Amino acid sequence: NAGVTQTPKFRILKIGQSMTLQCAQDMNHNYMYWYRQDPGMGLKLIYYSVGAGITDKGEVPNGYNVSRSTTEDFPLRLELAAPSQTSVYFCASSSRTGHYEQYFGPGTRLTVT
Amino acid sequence: SQKIEQNSEALNIQEGKTATLTCNYTNYSPAYLQWYRQDPGRGPVFLLLIRENEKEKRKERLKVTFDTTLKQSLFHITASQPADSATYLCALLNTGGFKTIFGAGTRLFVKA
């Protein structure tokens, strides 16, 4: 199993551009999450999903959108990128039976200039 | 607002000693407390979970305590090794919830 995969690994965006961060998991997990991690700060939850077609806001959802059309994929969309969105983004997943244990992807380092 | 505090200063210890990391929280009553390990440039890896009705949990060289009165958890690594060098994150979660709250982590350096 590949676990949780994220693409791209790195990206530089200009202010106002848009992009989609991809996340996929092959563990048949029901629950998926997007976090951002800023230097010296804890992970902040952006959005999460409890199943295909069901998403909900986390702590810092402004400026982002998500969709969950399949169990495997959970893309994160940034519209009109701003410097404040410069961060490392992590996708995670967990199972229905052990949903407290989250499996994280390797992260996407995004810089907005 | 809910807050988790972990020692922002790095912890330096000698190989073979016990490392003890602290996690304090306020304005929250978590049902679960978790510890994750994060290596530079990588995603966190789950280590241990302890429930609010548990005082202590062990897994190999790891031990976690959870004091809901003090609102504190201690994370111990016994017989520490240089390979234990990493950042350790504390995380809190409510029953049935999905909104895990993470601390900023404490960086541990184990010297050979």
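Heads up: the structure comes first, above all this text.
Attention here is on the structure that accompanies the text. Quick caveat, the model's predicted, so the values are computed rather than measured.

**Thoughts on the state of the cysteines**
Residue and element names in this part refer to chain A.
Thinking step 1. One pass over the full model with this rule turns up two disulfides over all chains.
Thinking step 2. Between the sulfur atoms of Cys23 and its disulfide mate Cys91 the distance is 1.8 Å. One disulfide, between Cys23 and Cys91, carries an S-S torsion of -70° and so falls in the left-handed class. On the criterion of sequence distance, the pair formed by Cys23 in strand 3 (residues 19–25) and Cys91 in strand 9 (residues 87–94) is long-range, its members being 68 residues apart.

**So, the nonpolar core**
Thinking step 1. Within the largest apolar cluster, 24 residues are counted, with the highest numbers of intra-cluster contacts made by Leu33(B), Trp35(B), Phe75(B) and Tyr88(B).
Thinking step 2. Of all the secondary structure elements, the ones that give two or more residues to this core are strand 3 (19–26), strand 4 (32–38), strand 5 (45–51), strand 7 (62–67), strand 8 (72–77), strand 9 (86–93) and strand 11 (106–111) of chain B.
Thinking step 3. Tyr88(B) has contacts with Gln6(B), Leu21(B), Trp35(B), Tyr36(B), Arg37(B), Leu47(B), Phe75(B), Ile77(B), Gly105(B), Thr106(B) and Leu108(B), leaving out every residue within four places of it along the chain.
Thinking step 4. Formed by 21 residues, the second largest nonpolar core is a distinct cluster that contains Tyr35(A), Leu43(A), Ala92(A) and Leu49(B).

**Focus: the sheet that holds strand 1 (residues 4–7) of chain A**
All names here are of chain A.
Thinking step 1. Read across the sheet, four strands follow the order 1-3-8-7 without closing on themselves; strand pairing throughout is antiparallel. The outermost strands of the open sheet, each flanked by one partner alone, are strand 1 and strand 7 (64–66). Between one strand axis and the next, the sheet turns through 20° on average, direction left out of account.
Thinking step 2. Here strand 1 runs beside strand 3; their pairing, made up of four bridges, is antiparallel. When the bridges of strand 3 are listed, Thr5 appears paired with Ala24.

**Side note on the pattern of salt bridges**
Thinking step 1. Summed over the entire model, instances satisfying the criterion amount to eight salt bridges over all chains.
Thinking step 2. A salt bridge links Lys44(A) to Glu59(A), with the nearest nitrogen and oxygen atoms 3.7 Å apart. Separated by 15 residues along the polypeptide, Lys44(A) in strand 5 (residues 44–51) and Glu59(A) in the loop between strand 6 (54–57) and strand 7 bring together distant segments of the chain.
Thinking step 3. Its relative accessible area of 26% is what places Lys44(A) among the partly exposed residues.
Thinking step 4. Looking at Glu59(A), the relative accessible area reads 52%, which means it is exposed.
Thinking step 5. For Arg61(B), the salt bridge goes to Asp84(B), with nearest N and O atoms at 2.9 Å. Of this pair, Arg61(B) sits in the loop between strand 6 (56–59) and strand 7 while Asp84(B) sits in the loop between strand 8 and strand 9, placing them 23 residues apart in sequence.

**What about the packing of aromatic side chains?**
Thinking step 1. Evaluation of the coordinates by the stated rule reveals 15 aromatic pairs over all chains.
Thinking step 2. Aromatic rings pair up to connect Tyr33(A), Tyr35(A), Phe90(A), Phe104(A), Tyr36(B), Phe46(B) and Phe102(B) into one cluster.

**Let's talk about the interface of chain A and chain B**
Buried accessible area, meaning the area lost when the parts come together, often serves as the stated size of an interface.
Thinking step 1. At the junction of the two partners, chain A supplies 20 residues and chain B supplies 20 residues.
Thinking step 2. For the pair chain A and chain B, the two sides together bury roughly 1,600 Å², of which 61% comes from carbon and sulfur.
Thinking step 3. Applying the counting rule to chain A against chain B returns zero salt bridges.
Thinking step 4. Run the count over chain A and chain B and you get six residue pairs in polar contact (both at pLDDT 80 or more).

**Some points on the side chain of Asp84(B)**
Thinking step 1. Looking at Asp84(B), the relative accessible area reads 7%, which means it is buried.
Thinking step 2. Setting aside chain neighbours within four positions, we find Asp84(B) in contact with Arg37(B), Arg61(B), Ile77(B), Leu108(B) and Val110(B).

Thresholds, definitions, all that
- Residues numbered from 1 in each chain as written.
- Chains lettered and ligands numbered in written order.
- Predicted model: local features only at pLDDT ≥ 70, side-chain atom pairs only at ≥ 80, totals over all residues.
- Heavy atoms only, no water.
- Disulfide = S-S within 2.5 Å.
- Helix = DSSP H or I, 4+ residues; strand = E, 2+ residues; numbered from the N terminus.
- Core = buried A, V, L, I, M, F, W, Y, C linked by side-chain atoms within 4.5 Å.
- Buried < 20%, exposed > 50% of the residue type's maximum accessible area, 1.4 Å probe, protein only.
- Contact = heavy atoms within 4.5 Å.
- Pairing = 2+ DSSP bridges.
- Axes fitted to C-alpha atoms, helices over the stretch in contact; angles between N-to-C directions.
- Salt bridge = Lys/Arg side-chain N within 4 Å of Asp/Glu carboxyl O.
- Phe/Tyr/Trp six-rings, centres within 6.5 Å; stacked < 30°, edge-to-face > 60°.
- Buried area = accessible area lost by both parts, 1.4 Å probe.
- Polar contact = N/O pair within 3.5 Å; in protein donor to acceptor, adjacent residues only side chain to side chain.

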